[in-house]
Amino acid sequence: MRKLKLFTIFLVFIFVGAYSQENDVPLKATFISKTSFMIKIPSIAAQIESGNFEPAVEMEKEVNPKNRDVNKAVPGKGLPVGPDPLWDKQMKKTKIKGKDPILTFQAASSGATPTDPTGAVGPNHFLNSWNSAFRIWDKSGNALTPAASLGTIFPGQTMGDPIVMYDAFADRFVVTEFYANGFLVAVSQGPDPVNDGWYTYQFPTNSFPDYPKFSVWSDGYYITANKNSGTAGFSQVVYAIERDKMLTGDPTAQMVGFPLPTIKTSGFYSPLGFNCNGSELPPPGNAPIIYMQDDSWSGVSTDHLKIWSINVDWDTPSNSTISTPQIINTTPFDGLFDGGSFSNLPQPSGQDIDALQATIMYMAQYRRFADHNSAVLNFVVDLNGNDNLAGIRWFELRQDNDGSPWDIYQEGTYSQPDGFSAFSGNICMDVDGNIALAYTVVSTSHYPSLRYTGRYSTDPLGIMTIEEESFAEGTQSDPSSRYGDYSQMTIDPLDDKTFWSIGEFFTGGSRKNQVGVFKIASDLANDVGIVSIDSPVNGILSDAESITVSIRNYGVDTQTSIPVSYKINNGEIITEMFNGSISSNTEELFTFATTADLSAPGATYHIFATTGLVSDENFENDSVAIFVTHLYPEDLGVSSVMSPESGTYLSDEETVSVMIENYGVLSQSDFNISYILNNGSPVTEQVTDIFPGQSTGTYTFTTPVNLSAIGNHELKVTTILPGDPNPSNDTMAIIITNNMCQPDLMCTQGVGIYTFQLGEIENETGCNPDGYGNYWELSTHLIQGSSNELTITTGYGDVFVKLWIDFDDDFLFEENEVVVNDFEIADGQSAGSYTETMPMLIPVNAEIGEHLMRTRVNWSEGVPADPCEETVFGETEDYTAIIDDQTGLGFQSIETNELLIFEHGDNHFTARFEANSLKETLVIKVHNIQGQTLLYNRISNIDGVYEFDFDLSYTSPGIYLVSLGSESFGKIKRIVVK
């Protein structure tokens, strides 16, 4: 027996050793095929002339619904916890004045959801596509053709998800779309997409290739697709098609498919191939494919990028290989929003917009330089850790030689300067190494709009240094959560410096695609200005302060002998001469010989500086102004109270944590700090940490605060520093609201719900302890669009009734979920038994499934809109409503089994539902009591059972709501994380 065990262990070591040795061995292609057909299609001009042109067809529907493979992760897992670590670096950088767009024009208008904007610029044309249509423009924004159906170049095929490329190395346009199980690719027969015909190819795949993204490499057009997410590591999910043959109309063009070894996916995913720009193609082979790996996903321990290299042998395709990935660790990022759902970023009205998470945004751009190769790419990240503010993590990767490993040359997180979300980025690099980044912005106060920024190759690394500019301002919200699904930037092949970006925004009642054309590189020969005033800075200032500025040469020609001026407040203008030399796109420091008197303590000074180059061709960037304060030596205060925050279920031991700011110059330590709750006695503690001058830091009180009482609490926190001359910043006061969603109300005198009758629910309760009754186990069926009767008995008159149904299962009761609104029982009466029946209308579009139902009564005045707001007399009771479809015969009536939740310890759970007849794919969601989505995933029916394991060990203790359902069915369950 012992020999058998040893032999077994020996075999295990052999297996592990063999796996380790083979782990770096490239994998062979897993799919080889040829085009199903090649068709020669007449030019668009010829089709128009012959009357065979097929115009675009307007669609009012959701195109290619994004209902597959939603992103999933482990709630609470992954770094960073809180703000993005590169956010602060971007926000602190002094910005270079931007340039207005050269051209902007509307390229498409569509009622379809979303529009899938894509477009590419060539030497003489811009060709864009959306949904199932495309159009050709000249480079002044004039339409050269009507909007054309994709069927004009793909006969009978208009399924969409188009991608447009301009292959600068062949001087050809490429238009693509998918069909049920494959790719359609049309290559223009010449450089003129209006007057030249098309070679149209069809390449079949073995399953539906969702979200295909194309790129140009020397030995092929490469395609990535969101397919086979669960088997992406060993089934074909990336493809190469034979570019050389396709350019000549060869009907034997081949396609080779590959897996992505060791990839981790979170559901929906989108890698990209590197897309070649510039004047020189790389040598054939080593075509890179890149994807992000987020440590909030299961199986990923560190945030990183993976890069695979593909080598295709078109003579013997079976010899084609893909490497195991190079792993490049990144600065931690949080790419997860709302548990992986497709509704994330708030806008002024309507539902939240899809942030397009887990997606390398189109395109990943490659360019060759004399001493290195570069690639730039971007994806969306959560800026603040609250899933409601997005920024863009962007990278420049470099490679010393062809075939060498890639390294991060620079990475940054771009954050919109006004506090809006920035997402759906598109990025590109010009011939000088300048980088442009275009994107969408949105917030609760700003409609989705299109903006751009950038950086010069000579600027500090990791920062977008150019001030934001706009090329489309929206006037309405997105009517759907679907946005994009992508955007695109290409570069003009004539100068290799002018960027053409296209994206989606909303105005005039429909979705619009707007083109923005702009340049970062210098246009003018003579253009000089002040970028920043570098000194003095806030501090103890003298009567002889030196004024130092950064002068930037924005132009092409080297500059010298530049007049430079400054003035303080409304004082005398001081002008001196910079006699050094400044080359194009560089900066030089200049210190004035004439000093300034800034000696008044506590005073703030306005400093204005400007250049006066006589031959300057652009005066907009000449001047800069700042405010500088003469600081006190000792000045300490509280800049913010970080915790506690308003919420539900606040306790009698809430932690008080504050941000202390040393506004002064001298370091401070061993000082006192106190807090006062609701004008009570102060709690004073000593801070022993050292706070250098002009610094901030956090302090957490060891004594907790009692916020268990329902309602508002005033918390004042004060620093106590003897000799502090500026008391105005010492104290910070905030109001913290404890919203108990099991409100502690008084119903002992009859002002409560004594009986509750609705459909199958007949509940006699009397006055519940503390005025709250939890009757989740009692449920009733209600039909969409139905009128129902709710009967309530109270023991007192003048009682108002409100009832909510939590249709979206987010653990919140919101205004649009009210179905009985302040019905009054026994107006003007006092003690007695009063029974009244009131109408309750269920909306026609109410979400089918089980939902929480909250009824609340209040004496003598209407029930507050906030179901958690404290009142004196009243009661709250919670039940379950089951919404059926309008026939009353849907899945909700048939599926009577409960959703079961099993706990396995350490806050690991399994959700299980045994279906009677349901077959469709369902969505499972987990919400916390603040309504945030922590988990969102799709579950398939396997032998009649829906089952899903989830991990809440990274979340805070408390109550959570689990929902399982679809548009036609739903179940809910409340769980407790300990």
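Residues numbered from 1 in each chain as written. Predicted model: local features only at pLDDT ≥ 70, side-chain atom pairs only at ≥ 80, totals over all residues. Heavy atoms only, no water.

Examining the overall build of the protein chain
Here is step 1: Scanning the protein chain from terminus to terminus reveals five helices and 62 strands.
Here is step 2: Taking 30 Å as the expected radius of gyration for a compact globule of 978 residues, we find that the protein chain reaches 32 Å, a close match to that expectation.
Here is step 3: Along the longest, intermediate and shortest principal axes, the C-alpha atoms of the protein chain span 90 × 80 × 80 Å.
Here is step 4: Looking at the protein chain as a whole, 57% of its 978 residues qualify as buried. (Helix = DSSP H or I, 4+ residues; strand = E, 2+ residues; numbered from the N terminus. Rg over C-alpha atoms; globule rule 2.2 N^0.38 Å. Buried < 20%, exposed > 50% of the residue type's maximum accessible area, 1.4 Å probe, protein only.)

A closer look at the side chain of Glu 576
Here is step 1: Positionally, Glu 576 belongs in strand E36 (residues 574-582).
Here is step 2: The side chain of Glu 576 is buried and forms no salt bridge, while Lys 567, the nearest opposite charge, is found at 17 Å.
Here is step 3: Separated by 2.9 Å, the side chains of Glu 576 and Thr 594 make a polar contact.
Here is step 4: Every residue in contact with Glu 576, bar those within four places of it in the chain, is listed here: Ile 562, Pro 563, Val 564, Phe 590, Thr 591, Phe 592, Ala 593 and Thr 594. (Lys, Arg positive; Asp, Glu negative; His and termini not counted. Salt bridge = Lys/Arg side-chain N within 4 Å of Asp/Glu carboxyl O. Polar contact = N/O pair within 3.5 Å; in protein donor to acceptor, adjacent residues only side chain to side chain. Contact = heavy atoms within 4.5 Å.)

Here's the deal with the state of the cysteines
Here is step 1: Per the counting criterion, the structure on display carries one disulfide.
Here is step 2: Here Cys 276 stays free of any disulfide, with the sulfur of Cys 428 as its closest cysteine sulfur at 12 Å.
Here is step 3: By relative accessible area, which is 6% here, Cys 276 ends up buried.
Here is step 4: In this structure Cys 428 comes out as buried when scored by relative accessible area, which is 0%. (Disulfide = S-S within 2.5 Å.)

Quick notes on the sheet that holds strand E11 (residues 182-188)
Here is step 1: With antiparallel pairing, five strands are arranged side by side in an open sheet as E3-E12-E11-E10-E9. At either end of the open sheet lies a strand with only one pairing partner, and these are strand E3 (37-41) and strand E9 (163-167). Averaged over all pairs of adjacent strands, the angle between their axes in this sheet comes to 20°, without regard to strand direction.
Here is step 2: Bridge analysis of E11 against strand E12 (residues 198-204) gives seven bridges, and the strand direction is antiparallel. Bridging across to E12, Val 185 finds its partner in Tyr 201. (Pairing = 2+ DSSP bridges. Axes fitted to C-alpha atoms, helices over the stretch in contact; angles between N-to-C directions.)

Focus: a nonpolar patch on the surface
Here is step 1: Together, Ile 540, Val 665 and Leu 666 make up an exposed nonpolar region whose accessible area comes to about 230 Å².
Here is step 2: By secondary structure assignment, the location of Ile 540 is in the loop between strand E33 (528-535) and strand E34 (548-553).
Here is step 3: The partly exposed category is assigned to Ile 540, whose relative accessible area is 47%. (Patch = residues over 30% accessible without salt bridge, like charges linked within 9 Å, V, L, I, M, F, W, Y side chains within 5 Å. Areas by Shrake-Rupley, 256 points an atom, 1.4 Å probe, with all protein chains shown as cover.)

Here's the deal with the environment of Pro 261
Here is step 1: Structurally, the position occupied by Pro 261 is in the loop between strand E16 (254-258) and strand E17 (272-276).
Here is step 2: For Pro 261, the contacting residues outside a window of four places in its chain are Leu 27, Gly 233, Trp 308, Ile 322, Ser 323 and Pro 325.

Here's the deal with the environment of Ser 893
Here is step 1: If you trace the backbone, Ser 893 turns up in helix H5 (residues 891-894).
Here is step 2: Here Ser 893 falls in the partly exposed class, since its relative accessible area comes to 30%.
Here is step 3: What Ser 893 contacts, discounting residues up to four positions off in sequence, is His 781, Asp 884 and Gly 888.
Here is step 4: A distance of 3.0 Å separates a polar side-chain atom of Ser 893 from the backbone oxygen of Gly 888.

Brief notes about the sheet that holds strand E60 (residues 945-951)
Here is step 1: Strand order in the open sheet formed by three strands is E56-E57-E60, and the pairing between neighbours is antiparallel. Because the sheet does not close on itself, it has two edges, and the strands there are strand E56 (900-903) and E60. With strand direction ignored, the average angle separating the axes of adjacent strands in the sheet is 20°.
Here is step 2: One ladder, built from four bridges, connects E56 with strand E57 (residues 908-914); its direction is antiparallel. What sits directly across from Phe 902, in E57, is Thr 910.

Details of the packing of aromatic side chains
Here is step 1: Enumeration over the complete set of coordinates arrives at 39 aromatic pairs.
Here is step 2: Taking the centre distance of 5.3 Å and the plane angle of 20° together, the rings of Phe 126 and Trp 500 count as stacked. Taken together, the residues Phe 126 in strand E6 (residues 126-130) and Trp 500 in strand E31 (residues 498-507) connect sequence positions 374 residues apart.
Here is step 3: A residue is classified by how much of its surface remains accessible, and Trp 500, at 2% relative accessible area, is buried.
Here is step 4: Centroid distance Tyr 566 to Phe 592: 4.7 Å. Interplanar angle 70°. Geometry classified as edge-to-face. (Phe/Tyr/Trp six-rings, centres within 6.5 Å; stacked < 30°, edge-to-face > 60°.)

Description of the side chain of Asn 226
Here is step 1: With respect to the element layout, Asn 226 can be found in strand E14 (residues 220-226).
Here is step 2: At a separation of 2.7 Å, a polar atom in the side chain of Asn 226 contacts the side chain of Asp 210.
Here is step 3: In this structure the side chain of Asn 226 is engaged in a polar contact, spanning 3.2 Å, whose partner is the backbone nitrogen of Tyr 269.

Regarding the environment of Ile 883
Here is step 1: With respect to the element layout, Ile 883 can be found in strand E55 (residues 874-884).
Here is step 2: Residues Ile 883 and Glu 850 lie 33 residues apart in sequence; the distance between their C-alpha atoms is 6.4 Å.

Observations regarding the pattern of salt bridges
Here is step 1: Under the defined criterion, the tally for this structure stands at 26 salt bridges.
Here is step 2: In this structure, Arg 393 and Asp 84 form a salt bridge, with 3.0 Å as the shortest nitrogen-oxygen distance. Placement of Arg 393 in strand E24 (residues 390-399) and of Asp 84 in the loop between helix H2 (44-50) and helix H3 (87-92) is noted, with a sequence separation of 309 residues between them.
Here is step 3: A relative accessible area of 0% means that Arg 393 is categorised as buried.
Here is step 4: Overall, Asp 84 belongs to the buried group, its relative accessible area being 3%.

Topic: unusual backbone geometry
If a residue is not glycine, its phi is most likely negative; likewise, a peptide bond is most likely trans.
Here is step 1: Of the consecutive residues Tyr 362 and Met 363, the connecting peptide bond is found in the cis state with omega at 5°.
Here is step 2: The omega torsion of the bond from Ser 643 to Pro 644 falls at 5°, within 30 degrees of zero and hence cis.
Here is step 3: With respect to the element layout, Pro 644 can be found in the loop between strand E40 (636-643) and strand E41 (657-662).
Here is step 4: In this structure, Asp 338 is a non-glycine residue whose phi angle is positive, near 50°.
Here is step 5: Structurally, the position occupied by Asp 338 is in the loop between strand E21 (326-329) and strand E22 (364-368).
Here is step 6: Positioned with a positive phi, Asp 943 is a non-glycine residue whose angle comes to about 55°.
Here is step 7: Among the structural elements, Asp 943 can be located in the loop between strand E59 (933-939) and E60.

As for the pairing of E59
Here is step 1: Counting buried residues along E59, six of its seven residues qualify, which places the element largely inside the surrounding structure.
Here is step 2: With six bridges connecting them, strand E58 (residues 922-928) and E59 associate as antiparallel partners. Paired with His 927 across the bridge in E59 is Thr 933.
Here is step 3: Here E58 hands over to E59 after four residues, with Gly 931 in that stretch at a positive phi of 85°.

Section: the confidence of the model for the protein chain
Here is step 1: The pLDDT averaged across the protein chain works out to 92; a share of 96% of its residues lies at or above 70.
Here is step 2: Contacts for the low-pLDDT stretch residues 1-22, under 50 throughout, to residues beyond four places or in other chains number zero contacts. (pLDDT = per-residue confidence, 0-100.)

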